[in-house]
Amino acid sequence: MANLTAGPVRYLVVPTADAADGAQSARFGERTLLWVPADQRLGRASRTAPGLLLVTQVGRSFQDDYPDVTPLLDHGRHLVISAADKPRRRSNHCWRIEPLRAGTTVFDTPPVVPARADPAVAQLVADVSTTSYQSDLTWLASLPTRHSLSPTFRQAMDFADDRMVALGYQTSRTPVTVGAGHSANLIGDRAGIGSSRGLVIVTAHLDSINLAGGPAAAAPGADDNGSGSAGVLELGRLLAIRSWKHDIRLILFGGEEEGLFGSKQYVATLPPAERSRVRAVLNMDMIATKNSAIPTVLLEGAQVSAAQISALATAAATYTGLKVETSLNPFASDHVPFIDAGMPAVLTIEGADSANGHIHSANDTLNFIDWSFATEILRMNIAALAGWLEPAAVRPRPAGSVVSWGPGRIDVFAVGTDSALLHKAFDGSWHDFESLGGVVLS
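The model shown is predicted, which means the values in this text are computed figures rather than measured ones.

A. Representation of empty space enclosed by the protein in the model. Within the structure shown, the criterion is met by two cavities of 30 Å³ or more. Considering only enclosed or pocket space, the largest cavity measures out at about 140 Å³ in volume. Residue lining of the largest cavity: 17 residues in total, with Val58, Glu256, Glu257, Asp285 and Ala332 positioned closest to the centre. For the lining of the largest cavity, the residue count by class is seven nonpolar, four polar and six charged. Roughly 60 Å³ of internal volume is contained in the second largest cavity.

B. Fine view of the nonpolar core. If you look at the biggest cluster of nonpolar residues, it comprises 65 residues, and the most contacted ones within it are Tyr133, Leu299, Met380, Ile382 and Leu385. Per element, the largest residue contribution to this core is 13 residues, and it comes from helix α10 (residues 371–389). Here Leu299 is in contact with Ile309, Leu312, Ala313, Val324, Glu325, Thr326, Ser327, Val346, Leu347, Thr348 and Met380, once residues within four sequence places are set aside. With 15 residues, the next largest nonpolar core counts Ile201, Leu270, Ala302 and Met343 among its residues.

C. Local environment of the sheet that holds strand β10 (residues 170–178). If you walk across this open sheet you meet the eight strands as β10-β11-β13-β12-β14-β17-β15-β16, and the pairing is mixed. The two strands at the open ends of the sheet, each matched to only one other strand, are β10 and β16 (323–327). Here the average twist between neighbouring strands, direction ignored, is 20°. Pairing between strand β14 (residues 278–284) and strand β17 (residues 345–350): four bridges, direction parallel. Each residue of the ladder has a partner; that of Asn283, found in β17, is Leu347. Helix α5 (residues 222–240) contacts β11 (181–190), β12 (199–205), β13 (247–253), β14 and β17 of the sheet and is inclined by roughly 150° relative to β12.

D. View of unusual backbone geometry. With omega at 5°, the peptide bond leading from Asp224 into Asn225 counts as cis. Position of Asn225 relative to the elements: it lies in helix α5. With a phi angle near 55°, Ala352 is a residue other than glycine that sits in the positive phi range. Tracing the backbone through its elements, the reader meets Ala352 in the loop between β17 and α10.

E. Just the pairing of β17, in detail. Of all six residues that make up β17, six are buried, and the element is covered over most of its length. Alternating residues of β17 divide into Ala345, Leu347 and Ile349 and Val346, Thr348 and Glu350, and every residue in both groups is buried. Pairing geometry for strand β15 (residues 296–300) and β17, over four bridges, is antiparallel. Within the sheet, the bridge partner assigned to Glu300 lies in β17 and is Leu347.

What counts and what doesn't
- Residues numbered from 1 in each chain as written.
- Predicted model: local features only at pLDDT ≥ 70, side-chain atom pairs only at ≥ 80, totals over all residues.
- Heavy atoms only, no water.
- 1 Å grid on protein atoms, 1.4 Å probe; cavity = no way out; pocket = protein on both sides within 12 Å on 5 of 7 lines; lining within 4 Å.
- Points joined across faces, edges and corners; volume = space filled by probe spheres on them.
- Nonpolar A, V, L, I, M, F, W, Y, C, P; charged D, E, K, R; others polar.
- Core = buried A, V, L, I, M, F, W, Y, C linked by side-chain atoms within 4.5 Å.
- Buried < 20%, exposed > 50% of the residue type's maximum accessible area, 1.4 Å probe, protein only.
- Helix = DSSP H or I, 4+ residues; strand = E, 2+ residues; numbered from the N terminus.
- Contact = heavy atoms within 4.5 Å.
- Pairing = 2+ DSSP bridges.
- Axes fitted to C-alpha atoms, helices over the stretch in contact; angles between N-to-C directions.

Here it is in structure tokens:
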């Protein structure tokens, strides 16, 4: 059947469970939009429109630009509008308009069954520190702006660089061109110890913006995207105190708010051999404002990242109380260039983000941060990362009775009553003694 949204249609929004056969449809979670040619019947509550258009927006960017347009269906990041209200522009870097395609699921609220909790992963989840996260985000949001071309953006990058180095990451910076100006990406690498190593990338954009005020205006960017940047540092802290089979790469991008410049230029220069190693890209953008009564997270990717979305959803059900929504309609954050290049990338973002009217302004402050909600998203993310990175069993060799072999890592060796060598480890928390076997001769 042809897609009928390009011509006059009769449309109706119904609960998904009540969606009828014989009509074109597009699913929006628990609601489905039905449509038929305008001269056909569809129900007493149906209305007509010259065509149906799908809007994907960051926050309320489209609605702020066009306040007189009344959506036919409004689910925050996704809107349906009448073709009669189509503006001259089809997109900018904050919103996009396209025909509503029949037979699509714009986003879903899939039923997710919890898995059996892994004790090691549960411990990792429990080690997420709201205090550590709050400290980093508070510092980032204390800067007057983190505009990509500002001196205080470089100050924020210096801060993050120092934090990564202290955690044992090898850091580097790559230049980013933003219009006529220059910004940078910060990259932190930590090698795994597997024999055949893949690569897991954790990203966020470090920059902030005040769209109305311009580059020099106050842009604390607490939620957008201090929340994601502090999340990278907190997840990096947790990952650094354990051993993994695969390589970890932390990236904080510049130039995102001006049009994904940092991530686009990074992906463009990533060698094919590196691209082929990528097991998952986890992108965090706005993870700390609770916009609905039920704490909700949107997992946004594409078909190439369907397995990663599923892993995150299962982690949320197993280790958190988050409600999960999913979308294969990627837009306007740093996961998109990876997806466009065929790599499995997922955006984790607070649900109902269009209810957050503070972003891109001087009002994006710590006053609107929900620390418990952000911690839940970080718990989901660290649980999924553990699966992608795969814990590496390391059998320690004593170089003394007490050995510190990295930040926050201590091994203690002792002789048991049976003369066997015993080992006790600290990697953020103390583990029980284990026997390494053998006999220690006096």
